[in-house]
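The residues making up each chain are set out below.
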Amino acid sequence: MSDKIIVSATINGDPTDILVSSRDSLLEALRERAGVLGVKEGCNDGNCGACSVLLDGRLVNSCLVMAAEVEGSDVTTVEGLAEADHLHPLQQAFLEDAALQCGICTPGFLVAAKALLDENPSPSEHEIRYWLAGNLCRCTGYDKIVRAVQHAAETLQTTS
Amino acid sequence: MVTTEKPKYKVVGTRPIRPDGVEKVNGRAEYGADVSLPGLLPGAVLRSPHAHARILSIDTSKAEAMAGVRAVVTSADFPPREGDGPQARDNVLAHDKVLYVGHAVAAVAAVDLHTAEDAVELIEVQYEVLPHVMDVRDAMLDGAPILDATLRTGEPDGSKGDSATNVAQHIHYEKGDLAAGFAEADIVIEREYETTMAHQGYIEPQNGTALWGPDDQIRIWTSTQGLFAVRDTVAGMLGLPVKSVKVEPVEIGGGFGGKIPTYLPPVAALLSRKSGKPVKLTMSRKEVLEATGPTSGTYMRVKMGAKKDGTLTAMEAWLAFEAGGYPGSPVGAATMCVFAPYACANQVIDGYDVLVNKPQTAAYRAPGAPASEYAAECLIDEIAEALDRDPLELRLQNSVKEGDSRADGFTYGPVGHVECLQEAQESPHYQSELSGENRGRGVASGFWFNIGFETSMAAQIQSDGTVPLVMGAVDIGGSRASAAMQFAETLGIASEDIKPHIVDTDSVGFTFLTGGSRTAFANGWAAYECAMDMRRQMEERAATIWDCDRESVRYDDDGVIRGPAAAAGAPQEFTFKELAAELPNTGGGIVGRADVSKTTHGPAFATHIVDVEVDAETGKVEVLRYTAIQDVGTAIHPSYVEGQMQGGAAQGIGMALNEEYIWDDKGRMVNSSLLDYRMPTALDLPMLDTIIVEVPNPGHPYGVRGVGEVPIIPPAPALHAAIYNAIGERMRTLPMSPRRILERTLPDDE
Ligand code: FES
Ligand code: FES
């Protein structure tokens, strides 16, 4: 049993104090200590993207970030994408375009795709594939995921 | 989409949003690893560092004494053994021998995961290291290290061999006269093929949580393809009646066959009994790769003869499949599938299930077929080349049709291989020109059985006309949606009014696992019969309300219940919702139920087309264009059918071009991370075009065949042909990785 520290961060808009072990990754802190279970673990070594979160707006693999490092930061997970009862256009597009099968990779893809569209509102197919190459999906073959991101980009462009 | 005399459906064939979708896009869906319970203890597993060793002793005292440790278990915590020889539970916790690196030996539950992981390191195991054998051919030789001294080969006639061996089973099928078939042939070609061990690669690692109560009632939460299979396995290994075990439903993050076996739940249960607390075990990615079942590596020899006119006259296959540490490779299915797409009259097929010091193999999408059909399809491509025939045309000429039979004796009903090949010929992809250096196009077909088996469902009507529908089949990729749609179609109502739920093993009848492409098929049958049961009961209720003869009431396919004209002459009818609202005051609710076990499953065929460019410098194969064509019987939800075809193709492409287990000389996997195992990313693939062919299965109310498995089969042989057409090299070992391609293309002196 290792040392405990309190980390104060904003998680999906809510100021939160989490008691963590100094050995905890951000992924462990979110899942095991803060009960934020939409963040998924697929590998715990930065290879699958299932644990993707936005850290102060930047896309990171939360399994590669130490929990202690996020003191004072803003963390966004899949739970923070929807606004009240409105799904984010990416979530809506993933549903309509059948961009998920088992759904375990979906939270990571949604967060990664949000980071992409925040930076580049109308990415090409190649740009989408390049950006999402850090997120593995074993069910879909990516075709419907790429289309859903294109679809959401169009929706965001016409509504903004 | 190709359609042959398609009936008009209102729900089947549409693309509604899946009922479990919202929870999956907002992060609320509960997967196995998300289970949390008061007092939950995490745990960790100690695994073998040796590929083959005898366990001399296990000393857990230091781990037990560590602060924060709540329980330590080994195989000694299982009930007494029955009989000699290995048992299924030996793969869950090793008994006297470890048979592969990663074999579980002991486990710890502690107050937190770091403590459990540290405690595992304190367990002292003494091993006597034994020689190991990794290659299927080596394992079959006289004098090979023997994994199980009690094993004798099961022969095709049911007899047993008389000496110690690693060959667990020999399978043999034949039809016609092979020698006469080869004598008739104008050309005969024989080739050897190899495939390497490959993993299902589901993104969610295995997990298992157990709570063993003081009353010996055990609750289990685990990501599995079969809730009832877990119940029966856990009860069996712990020597308890099935009534002691209840398996709760959770979402599953992919399986592809790899989540059929049960690894962690019995261990978590033993830890829970010792600690008195619920215990959760989850695997690391390294554990997933080293200790959960991949598919077999293989060595295969295939020989074919053909006449100048293209008729295949003789086909012979010799297939040796790695089983892993215990018997059970998918060689049985491989032997039945190897020549399944072709109507050749003379065939001999031999298959061998062989123990090696690798992880115990498990099912992986069309288990066995991607290897054996790869070998056969590659050789068909060579025959086509030798006869100067278009490879699709040669396949069409020899394709099975209704009434043809396989060497194992199965005779086909209506099947759609011919239709797939014709669609492929007419597809925009095959009609297009491909030019450029180091570019090539390839085609190949695939066959898979699909299966039926037991499925239960029950439904009740709520007063607002919505219908909760409970089922026992795990939903791994949209089966709740397809069940709800077939149920709604039968009742003539909207699929949005159906609320499908997967429930625990005490709350629904026995349901076989999700696998074998059976779920849309068998759930569909159950949904149909459950809805028909409901229709009958609603007719009875309407007859009571109208005070008329039961026979004069009809539930029509449009969802309207019609009775005889009332005294005044006005027709009497209820919509589904109107009658639903009457139920509470006219005798109470209605429960529909169905228990089906159908054997009318429909075989599925697929044909794929691929264009590649091979990078001469690096040996990397880039997939330029891909089209998957498949007979699905009927597409219930076309988006998810396409998704299965695309996902299967992507896995097939990964298996063909990159994925493999790489071992060191001690039998250790050296690439046990996702980065090094290297599954396809979004950047490695193009859009995957699909053409759905619908030749309805006459043995299903909506014509469903099953979709999930066959699309993993054609990619490897299609890529083999495409690479050959690009660079003139026939790659007969999978994966056709950059290294293997460069070994063939670089001049020897480089
Ligand atoms: S769990 Fe973090 S990248 Fe896989
Ligand atoms: S939907 Fe299953 S891994 Fe992506």
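If you're wondering where the values come from, they're calculated on a predicted model, not measured in any experiment.

What follows deals with the pairing of strand S17 (residues 439-448) of chain B. Residues and elements named next belong to chain B. With 9 of 10 residues buried, S17 lies mostly within the body of the structure. Here S17 pairs with strand S25 (residues 604-614) via 10 bridges, running antiparallel. When the sheet's bridge partners are listed, Arg441 is paired in S25 with Asp611.

With that settled, the discussion passes to the domain arrangement of chain B. Much of the literature gives interface size as the accessible area that the parts lose upon coming together. All names here are of chain B. Domain annotation for chain B reports domain 1 (4-28 + 452-598), domain 2 (32-130 + 207-282) and domain 3 (298-450 + 601-745). Of note, the centres of domain 1 and domain 2, computed from C-alpha atoms alone, are 40 Å apart. Facing the 18 residues of domain 1 at the interface are 19 residues of domain 2. Seen at the junction of domain 1 and domain 2, the total is 2 salt bridges. For Glu251, the salt bridge is made with Arg480, and the minimal N-O distance between the two is 2.9 Å.

Our next topic: the interface of chain B and chain A. On the chain A side, the residues contacting the 57 residues of chain B number 50 residues. A combined buried area of about 4,400 Å² lies between chain B and chain A, and 59% of that area is made up of carbon and sulfur atoms. Taken together, the connections running from chain B to chain A amount to 5 salt bridges. Lys40 of chain A is the partner of Asp34 of chain B in a salt bridge, and the nearest nitrogen-oxygen pair spans 2.5 Å. Along the contact surface separating chain B from chain A lie 26 residue pairs in polar contact (both at pLDDT 80 or more). Sorting the residues of the side of chain B that touches chain A by element identifies helix H1 (21-25), helix H3 (113-121), helix H17 (638-657), helix H18 (674-677) and strand S27 (688-694) of chain B as the ones contributing at least two each. Here the element with the most residues in the side of chain B that touches chain A is H17 of chain B; it accounts for 9 residues.

All names here are of chain B. One open sheet holds the 7 strands; their spatial order is S4-S6-S2-S13-S10-S11-S12, and the pairing between them is mixed. The sheet is open, and its two borders are formed by strand S4 (69-74) and strand S12 (245-248), each paired with just one other strand. For this sheet, the mean inter-axis angle between neighbouring strands, taken without regard to orientation, is 25°. Strand direction decides the pairing type here: strand S10 (residues 207-212) and strand S11 (residues 218-222), joined by 5 bridges, are antiparallel. Counterpart to Gly208 in the pairing with S11 is Thr222. On top of the sheet, helix H7 (residues 265-275) reaches strand S2 (41-47), S4, strand S6 (104-110), S10, S11 and strand S13 (279-282); it is set at about 35° to S10, its chief contact.

A separate point is the state of the cysteines. Note on terminology: a disulfide is the covalent bond linking the sulfur atoms of two cysteines. Residue and element names in this part refer to chain B. Counting across every chain of the model gives 0 disulfides over all chains. Free cysteine: Cys337, not disulfide-bonded; nearest cysteine sulfur from Cys420 at 15 Å. Given the relative accessible area of 0%, Cys337 is considered buried.

Residues and elements named next belong to chain A. Taken in spatial order, the 5 strands of this open sheet run S2-S1-S5-S3-S4, and their pairing is mixed. Looking along the sheet, the strands with just one partner apiece sit at the ends: strand S2 (14-21) and strand S4 (58-61). Averaged over all pairs of adjacent strands, the angle between strand axes in this sheet comes to 40°, irrespective of strand direction. Packed onto the sheet, helix H1 (residues 26-33) meets strand S1 (4-11), S2, strand S3 (52-55) and strand S5 (74-76) and runs at close to 105° relative to S2. The strands touched by helix H3 (residues 106-119) within the sheet are S3, S4 and S5, with S3 carrying the most contacts at an inclination of about 40°.

Calculation criteria
- Residues numbered from 1 in each chain as written.
- Chains lettered and ligands numbered in written order.
- Predicted model: local features only at pLDDT ≥ 70, side-chain atom pairs only at ≥ 80, totals over all residues.
- Heavy atoms only, no water.
- Buried < 20%, exposed > 50% of the residue type's maximum accessible area, 1.4 Å probe, protein only.
- Helix = DSSP H or I, 4+ residues; strand = E, 2+ residues; numbered from the N terminus.
- Pairing = 2+ DSSP bridges.
- Domains from an automatic or database assignment.
- Contact = heavy atoms within 4.5 Å.
- Salt bridge = Lys/Arg side-chain N within 4 Å of Asp/Glu carboxyl O.
- Buried area = accessible area lost by both parts, 1.4 Å probe.
- Polar contact = N/O pair within 3.5 Å; in protein donor to acceptor, adjacent residues only side chain to side chain.
- Axes fitted to C-alpha atoms, helices over the stretch in contact; angles between N-to-C directions.
- Disulfide = S-S within 2.5 Å.

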